[in-house]
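Each chain, letter by letter, is given below.
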Amino acid sequence: MDSVSVPVSARPGYPDSERIQRLVWSEALLLIPIMGRKKYFMRHQQYGRNMLIGDYVWIAYVMGLKSGQAPDAKNMRRSRKQISSHIQVLKNFFKYHRYFHFFFPARDKESGKKTPGAAEIETVETISLKNNPVLVALSEGRFPEVRPNYDYFAGLLDQDCMVTVRPKTCSMCVVSREISIGHDKIPRTADGKPLALENYPHLAQNLEGDGSRARRPEGILLHEYTRVIGQKESDTAKELVRSWEKTAPAIVEKLNLPEPQHEAPLTIIEIND
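The following paragraphs examine the structure supplied in this document. (Residues numbered from 1 in each chain as written. Predicted model: local features only at pLDDT ≥ 70, side-chain atom pairs only at ≥ 80, totals over all residues. Heavy atoms only, no water.)

Now for a nonpolar patch on the surface. A grouping of Leu240, Trp244, Ile251 and Leu255 is seen on the molecular surface, where their side chains present a nonpolar patch of about 370 Å² in accessible area. When residues of the nonpolar patch are traced back to their parent elements, those giving at least two are helix 11 (237–247) and helix 12 (249–255). Topologically, Leu255 is positioned in helix 12. Under the relative-accessibility criterion, Leu255 is labelled partly exposed at 38%. (Patch = residues over 30% accessible without salt bridge, like charges linked within 9 Å, V, L, I, M, F, W, Y side chains within 5 Å. Areas by Shrake-Rupley, 256 points an atom, 1.4 Å probe, with all protein chains shown as cover. Salt bridge = Lys/Arg side-chain N within 4 Å of Asp/Glu carboxyl O. Helix = DSSP H or I, 4+ residues; strand = E, 2+ residues; numbered from the N terminus. Buried < 20%, exposed > 50% of the residue type's maximum accessible area, 1.4 Å probe, protein only.)

This is the structure we're talking about:
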């Protein structure tokens, strides 16, 4: 990478290193496609996504230097591990965003490991690495002529404002209309047989006192389960459905789901004239 010939000329829009860190980083993350374990071959070497991001940032930095100013490779070039560390910081910042899955791949995808529902079909971002205009430009040692479609991404970021409720607790109640409770407070089945209360510990507790807690309009409360839930990173509906197809195919057949829609490549980039 150090031997790449890059024109050392000031690039409008990147007057200082601080702005490079803010703008170029966002551009690189949005434009460099998610590749998983795939590599992009250029300059007689295999490049992973983090290496490509580092190359993108480096070329932008070099092009922003004043005429005759020597690049500071020691302080400004980022290694693959440094890129990974920076991305992890950003992941933590956007961890609970509604569209986290769009900006960052799931951990199993990024490491190349497949979960039971992992996609077997290549996505739009990984289909044409060879013809990707951003990667082609980097392989030629020049800055890409495409910019992220910021209006599109801004719309995705704004979607998080639509989330008004984030549940913290999940409660599940098991109720039966076939169980009745008489004056003796003994729950019985429809054929008059008493229930074994040792199998329904919550029912025994609810029968204490006047037993009103066990009686619900929907029937007799046999069991209740409450659990504190933690929020996880978001994922695409397509990936969730593929997971269900593996774990619960009978349910998927009854859902009558529409065919998955793919994002057009030009939706996420803009080509400069």
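Continuing now.
This brings us to the state of the cysteines. Counted according to the given criterion, the structure contains zero disulfides. For the unlinked cysteine Cys170, the closest cysteine sulfur is that of Cys173, found at 9.9 Å. (Disulfide = S-S within 2.5 Å.)

Here the focus is the environment of His86. Of note, His86 is situated in helix 4 (residues 80–93). In the structure, His86 is positioned 61 residues away from Trp25 in sequence and 9.6 Å away in space, judged by C-alpha atoms. When residues no more than four places from it in sequence are discounted, the contact partners of His86 are Trp25 and Arg78. (Contact = heavy atoms within 4.5 Å.)

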